[in-house]
Amino acid sequence: MTDKRIALAEVPRWVQSGMRVGVGGGPVMITPTALIREVIRSGARDLHLLAASTGGFGIDLLIGAGCAASVEFAQIVLNEFGPAPNFRRWAEQGRLRCLDHT
């Protein structure tokens with residue numbers, strides 16, 4: 001079986017502007033934060049984010065960094081820490097295309 005893992009430094013090679021990107025993990029726990037930071041650092045923009053059921057911290061970081069054009073989700077929250085502030089602000093301002101699949 002071929003090893004499909006990549007180093008974080010290779011993220012810019014695989015994630016480019018305009019792509020659809022699935023973000024796993026949960027609202028706060030098990031979020032792939034190091035990977036998300038590398039996507040932000042790569043300068044990728046206009047990403048179409050897909051929350052693996054519930055999005056949270058990671059998706060909110062990508063939105064706040066200006067990387068997202070749209071997001072598909074069932075919910076985007078930070079659990080006991082309240083609503084995801086960047087998601088809410090961008091959605092209310094009409095700066096983010098939201099596809100709600102609740």
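Refer to the preceding data block for the structure.
What you are looking at is a predicted structure, and each value in this text was computed from that prediction instead of being measured.

A.B. asks: With reference to specific residues and values, describe the nonpolar core.
C.D. replies: Counting 23 residues, the largest nonpolar core has L47, L49, I59, I63, V71 and F87 as its most contacted members. At the level of elements, β1 (20–23), α2 (33–42), β2 (47–51), α3 (57–64), β4 (68–73) and α4 (85–92) are the ones that each hand at least two residues to this core. Residues within four places of I63 in sequence aside, it is in contact with L49, A68, N86, F87, W90 and L96.

A.B. asks: Describe α2, and please don't skip the residues or the numbers.
C.D. replies: Among the residues making up α2, those that are buried are I36, E38 and V39. The buried residues of α2 occupy one face: seen down the axis, they fall within an arc of 160°. Contacts from the buried residues of α2 go to α1 (11–14), β1, β2 and α3. G43, located one to two residues past α2, shows a positive phi value of around 85°.

A.B. asks: Describe empty space enclosed by the protein, with residues and values.
C.D. replies: Counted according to the given criterion, the structure contains one cavity of 30 Å³ or more. In this structure, the largest cavity spans a volume of roughly 40 Å³. Around the largest cavity, the lining residues are V23, G24, G25, G26, T31, T54, G55, G56, G58 and I59. Every element with two or more residues in the lining of the largest cavity is listed here: β3 (54–55) and α3. Looking at the lining of the largest cavity, its residues break down into two nonpolar, eight polar and no charged.

A.B. asks: Summarise the layout of surface pockets; cite the residues concerned and give the values.
C.D. replies: By volume, the largest pocket is sized at about 230 Å³. Residue assignment for the lining of the largest pocket shows that the elements contributing at least two residues are β1 and α2.

A.B. asks: Account for the packing of aromatic side chains, naming residues and giving values.
C.D. replies: Summed over all chains, the structure comprises one aromatic pair. Where F73 meets F87, the ring centres are 5.2 Å apart and the plane angle is 75°; that geometry is what we call edge-to-face. Remark: F87 occurs in helix α4 and F73 occurs in strand β4; sequence separation between them is 14 residues. Residue classification places F73 among the buried residues on the basis of a relative accessible area of 9%. One Lys or Arg, R95, reaches over the ring of W90 and ends 3.8 Å from the middle of that ring.

Analysis parameters
Residues numbered from 1 in each chain as written. Predicted model: local features only at pLDDT ≥ 70, side-chain atom pairs only at ≥ 80, totals over all residues. Heavy atoms only, no water. Core = buried A, V, L, I, M, F, W, Y, C linked by side-chain atoms within 4.5 Å. Buried < 20%, exposed > 50% of the residue type's maximum accessible area, 1.4 Å probe, protein only. Helix = DSSP H or I, 4+ residues; strand = E, 2+ residues; numbered from the N terminus. Contact = heavy atoms within 4.5 Å. Arc of directions from axis to C-beta. 1 Å grid on protein atoms, 1.4 Å probe; cavity = no way out; pocket = protein on both sides within 12 Å on 5 of 7 lines; lining within 4 Å. Points joined across faces, edges and corners; volume = space filled by probe spheres on them. Nonpolar A, V, L, I, M, F, W, Y, C, P; charged D, E, K, R; others polar. Phe/Tyr/Trp six-rings, centres within 6.5 Å; stacked < 30°, edge-to-face > 60°. Lys NZ or Arg CZ within 6 Å of the ring centre and 35° of its normal.

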